Each structure stands twice: as C-alpha cells, then as structure tokens.
Protein chains: 2
Amino acid sequence: MTPLAPLFLLLQAPAAPTTAPPPAHEPASQDWRDIPANELLVMRLAGDRTVVIRLAAALAPAHVANIRRLAAAGWWNGESVYRVQENWVAQWGDATEKKPLPRGVAASVTPEFEIAAFAPAQRMTRADTHSATAGITADGWPVASDGQGHAWLTHCYSMVGVARDEAPTSGSGAELFTPIGQSARRLDRNYAVVGRVISGMEHLSALPRGPAPMGVLPEAATRMRIVSVTLGSAMSPAERPRFQYRAADNPRFAALIRRRENPPAPTIGSGGADVCEVPLEVRRAP
Amino acid sequence: MTPLAPLFLLLQAPAAPTTAPPPAHEPASQDWRDIPANELLVMRLAGDRTVVIRLAAALAPAHVANIRRLAAAGWWNGESVYRVQENWVAQWGDATEKKPLPRGVAASVTPEFEIAAFAPAQRMTRADTHSATAGITADGWPVASDGQGHAWLTHCYSMVGVARDEAPTSGSGAELFTPIGQSARRLDRNYAVVGRVISGMEHLSALPRGPAPMGVLPEAATRMRIVSVTLGSAMSPAERPRFQYRAADNPRFAALIRRRENPPAPTIGSGGADVCEVPLEVRRAP
C-alpha cells in the first residue's frame, strides 16, 4: 500500500478550479504578516544547519531583551546543544556553566512565567487544557488561561523556554530549551517561554540523544556545536532570513482550528484537539 | 547555571532513609508484571540498534495475529524505515509497496480502530481529551472514550499504529508507524493501534527527517535499514529480551496520575495532564 499520510492530509481537497472559492481554512494573502528582523534569532549549527527562532518580544520582554544582548555579545558562539533527552527537550548554551554573562545582561530576570492577559484572537472551542481554556493570539502564539486571572504561553513542541535554577528569577535566557517529544503541560507557568523554532526544528529534534536519565551529553565531541547566534536585525539585509507568520484574527484561522478539532469525514472526531495541535504557520517572505 | 532538568525532576525527593515509606507514586515490587515473549516484537536496525515493541495483543488481536505471522515469515527483514516526518511519524515496512504478503497473512483486516469497552483501572480525573474521558488500563495501555459507547487506544508518542490505504480494512500490519513529535488526537479511531515502543525509541525519533511535506525518503541509501523483526518467543531464551510493565490497578499508580495532573509545589498546576503524559513504565526483567 502507499506509504500513508495520516488521513487528514490524504483527504485535503484536490486543487480547486479557478472559479471555486478556496477552502475556508486556507490563508488569504493578507493573512501573512512580516516578522520583524529583531524578532528573529538565527542559530547556526555545525554542518551548515540553520535554526530560526521567532522571539515572543511582546509577551516575554525582559527575557527577550536579555537574549538580544546575549546575541549581540556573541555569547552563544562556540557553545553547544549539550542536552538532548528522548521525549523531552533539547537544551543549549554554555555546557561548562562557568562563562560569565556579558556586561549588560541581567543574571536575574523577572520570571515572566505568565502573560498579562488572556486575549486570544481565537479560542479552542473545547475545554482544552483541562481546567484551563486555550487559544491563539492574533499574531500566532498559543496561550492558555485558568479563568482565574492567570494566563500563559504554552510549552508546545518547538516552543523555546528558558532554563533556570530553582530560583524563579535565575533564568537569564542564556540557556534555552525546546520540547522535542510529547509536550507537557507541567512546564507551563514554571518556565518562561520566549519564542518558537520556526525553521530548522529537525536540526534539534533529530539530534542523537544523550544518556538517560536527563540526556546531558558529557563529552564535548558528542555535542552539536553552535557556530553563532545572531539577531536577524544584526545581519545584512541580504543575509537575514525573512519570514512571515499567519495572522489568527480572521475567519480563516477560526476554520483552521475547527477543522483541527473536528477533522472532516471520514475521519472520526475523537474529542477535539490540544492547543499544541493548532498549526502555527510561517513561511519565507516572498 | 546547572543544565536544568524540568523542575519536576529536580524536586524528586532525595533517597529516603530506610525507615521512611517510599513516595506514594513509586511502584511496589509486586507492581511489575512480565510481558509475555510473544507480545514483544524485536526490531533490529542497522548499526546494532534494537527497538522493542510491546504488542497490544488483547486489544488489537487481528492485527497482532497478522504481525506475528509477518514476523515469523521474516517479512520485514531487509526492509526499511522509509518515512520520517518532522513532528509527526516515523513509518516502516516495504518502501516499494510491491512485495506480496506471505501466505497466511491477511491483506484485509477488520479495522480494530476501537476497543470493546472503556475499562481503565485508572481514570484521568480531569476531562482529558475534551469531550472524551481517558485512563490507563490495568496492564498499562492509554485509552479514551467518548462516553457514548466508543473506546479506543490513543496514538500517544511512541505508540505503534497501522498504516493503511483509504479502505478501513486495508491495514494488514505490514506497515507500521509511531508518532515522533506532538501526538495528535485526530489519529485516534482512524488507525489501529497495535502496540508501543518500550525500548530504543530514540533509534526512530532521532532519525534524519525526510523531505517535506510527508518525510518520505526517496533514496534507499538514506533509509534506516531493518535487519530483522522477530517475535520474542521465536528467539532462544538466552537471546530474547525480557521486559516487565508496571501494573496500573493499584493506589500507587493512582498517585502517579494525580502527581502528573497536579505536580507538587513549587510547580504551579497548569491544568492537568493529557493521557499521553502519563508515564507507562517498563523495565528489563530482573
């Protein structure tokens, strides 16, 4: 039999004739918005592998400010992805833990485990994270709320979080991680979320795993080396990657969510979708 | 700072003195049960990598019967992992789709997308899959139900599903897949679940991804080769791996689930846990 795409993909409508309207969930041209160059963190790994992270500048401003200073100081250059834990996270930064932070980079940052308000453009229609409700912001971030005044970004697969010690303020942004397996809701509200890997995620998710239990790679030679991490705005216009996100504050995105929560027949609805299952599309700017 | 384990791991209690009771969620010695040798599928990949799959023999009997016949016929020997799609699945079998099935292996199998009844030993206390309820069976399988007579195994990360064509009966079990990223509830009730990877998952999850959109690897040289797939009971007693699962029908497993749904302080409860977040522990038989 044919190597089978999950049924959802197989049953996408064939290319429509030019006079038919596009499927309700597909983006319109005006739905694509530029991601500012200073919200793109470009991580080059050994072997000409590039990972691009979109920074949640408005939702985690203190950490993103620190991250921008770290990038400007070239802090990650020569560092490594020192931890790859199966069905958990890839984590990168200074494996020796000895390097002093550059001047101007705060060692202690306000926790930013939550965001100011739960104001998504689209809500998941089913109670998604259990006692929490969830949705997608107008500019394409996954958020949840407990309905009692707390709201937060969710640590979905490929979201970028801030590693820290026990003190809630101890995450400077110098060490970052991303879930590479089943995303776990117990990370939410415990670690700051600063962004999302929007390109090159496979360069992290397919790394050889470190040994159990925590996947920390003890030998420098086994760690994927970071060549450089640079803010897009610090690169020349010719060099910097240009990406757009898909805006969520429109009926097409609403249809996308409904479709994910209730896949069309013959797929059998099996109880909705997690906020982390909503595709947050980006594309190279045309 | 120290490469940080997620807080939950860091805050595990230190080794208890001999007179203190063990934490309520830890297994007792009697909680470990042998997995029968004919419920272990041992897949050897090139480079001396071994993947062990526990077969859900009672919950998908028709497919498991076919899979046992396929293994006995050496059907997968020399085949490959021909599809690795980022944040979706790894899939393996006959990439050419031309090899005839062995005698005695049914090309058409009753769908087995659902199980006979929703009878978990432990339920998730929070509405987990939205309109569905979820739990873990006594022998450690993740299940869900819509409360209207339908019950099914959930396609969590590392669960093994049956690839098929459009006809619901077209999945013989000759082509299998496992989620290697965010698990998606829209697979549930659409593809049969036949088991779970209990050892060596990293040999699948860390494979280089195939090209977008579906991750199918076009070149034979780029596909991870399957040396052999053998049922544990067909191996000599000295060779066969021996594994045990952790039984769920006891208060210790109940405590494990509650702990996952409500991680202990200072972790902030963020709304429960998905059924796919419940650890389904196995160990090498002592």
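Along each chain, the written sequence defines residue order, and numbers are assigned to residues from 1. Chains and ligands are labelled sequentially in the order written, the chains with letters from A and the ligands with numbers from 1. For a predicted model such as this one, the threshold for reporting local features is a pLDDT of at least 70, and the threshold for listing and counting side-chain atom pairs is 80 or more; totals across whole chains, interfaces and linings nevertheless cover every residue. Side-chain measures here rest on the full set of heavy atoms in the structure, leaving out hydrogens and waters.

*Asks:* Now, about the sheet that holds strand β15 (residues 282–284) of chain A: what can you tell me, with residues and values included?
*Replies:* Residues and elements named next belong to chain A. Ordered in space as β1-β14-β15, the 3 strands form an open sheet in which the pairing is antiparallel. At either margin of the open sheet sits one strand with a lone partner, and together these are β1 (32–34) and β15. Between one strand and the next, the sheet's axes are offset by a mean angle of 35°, whatever the strand orientation. Think of it this way: DSSP has to see at least two bridges between two strands before they count as a pair. For the purposes of this entry, the term helix denotes a DSSP run of H or I that reaches at least four residues, the term strand denotes a run of E that reaches at least two, and both are numbered from the N terminus. As paired elements, β1 and strand β14 (residues 243–246) share 3 bridges and run antiparallel to each other. Bridge assignment links W32 to a residue of β14, and that residue is R246. Note on definitions: angles span 0 to 180 degrees between N-to-C directions of axes, and those axes are lines fitted to C-alpha atoms, for helices only across the stretch in contact.

*Asks:* Please provide a residue-by-residue account of the pattern of salt bridges, values included.
*Replies:* Think of a salt bridge as a Lys or Arg side-chain nitrogen and an Asp or Glu carboxyl oxygen that are within 4 Å of each other. Within the structure shown, the criterion is met by 18 salt bridges over all chains. One salt bridge connects K99 of chain B with E79 of chain B, and the closest N-O pair in it is separated by 2.5 Å. With a gap of 20 residues between them, K99 of chain B in the loop between β5 (89–93) and β6 (122–123) and E79 of chain B in the loop between α2 (61–72) and β4 (80–84) connect regions that are remote in the sequence. Relative accessible area serves as the criterion here: at 12%, E79 of chain B is assigned to the buried category. One network of salt bridges, with partners in common, ties together E114, D146 and R189 of chain A. Exposure categories follow from relative accessible area, calculated using a 1.4 Å probe and restricted to protein chains: below 20% of the type maximum is buried, above 50% is exposed, and the middle band is partly exposed.

*Asks:* An account of the packing of aromatic side chains is requested, with residue identities and associated values reported.
*Replies:* Any two rings among Phe, Tyr and Trp, with Trp reduced to its six-membered ring, count as a pair given centres within 6.5 Å; such a pair is stacked if its planes are under 30 degrees apart, edge-to-face if over 60, and tilted if neither. Throughout the structure, instances matching the rule amount to 4 aromatic pairs over all chains. With 5.7 Å between their ring centres and 90° between their planes, F177 of chain A and Y191 of chain A make a pair best called edge-to-face. Of the two residues, F177 of chain A is situated in strand β11 (residues 176–179) and Y191 of chain A in the loop between β11 and β12 (193–199); the sequence distance between them amounts to 14 residues. There is no split in this pair, since F177 of chain A and Y191 of chain A are both buried. Counted as over-ring charges are cases with an Arg CZ or a Lys NZ within 6 Å of the ring centre that also lie within 35 degrees of the ring normal. Between R54 of chain B and the ring centre of Y245 of chain B, over which it is positioned, the NZ or CZ distance is 4.3 Å.

*Asks:* Tell me what's going on with the side chain of H25 of chain A, and back it up with residues and numbers.
*Replies:* Residues and elements named next belong to chain A. With respect to the secondary-structure elements, H25 resides in the loop between α1 (7–10) and β1. Side-chain atoms alone can form a polar contact between residues adjacent in sequence; in general such a contact is a pair of N or O atoms within 3.5 Å, and within protein one must be able to donate a hydrogen while the other accepts it. Here the side chain of H25 touches R259 through a polar contact of 3.5 Å, side chain to side chain. Only heavy atoms matter for contacts: two residues are in contact if any of them lie within 4.5 Å across the pair. The contacts of H25, once residues within four sequence positions are left out, are R246, R252, A255, L256 and R259.

*Asks:* Would you mind going over the state of the cysteines in detail, with residue names and values included?
*Replies:* Here, the word disulfide means a covalent bond between the sulfur atoms of two cysteines. Residues and elements named next belong to chain A. Disulfide assignment relies on a single distance test, namely cysteine sulfur atoms paired within 2.5 Å. Taken as a whole and judged by the stated rule, the model has 2 disulfides over all chains. The disulfide that involves C156 links it to C276, with 2.1 Å between the sulfurs. Here C156 and C276 share a disulfide; its torsion about the S-S bond, -80°, makes the bridge left-handed. On the criterion of sequence distance, the pair formed by C156 in the loop between β9 (151–153) and β10 (159–162) and C276 in the loop between α4 (251–261) and β15 is long-range, its members being 120 residues apart. Take C156: its relative accessible area is 6%, and that puts it in the buried class.

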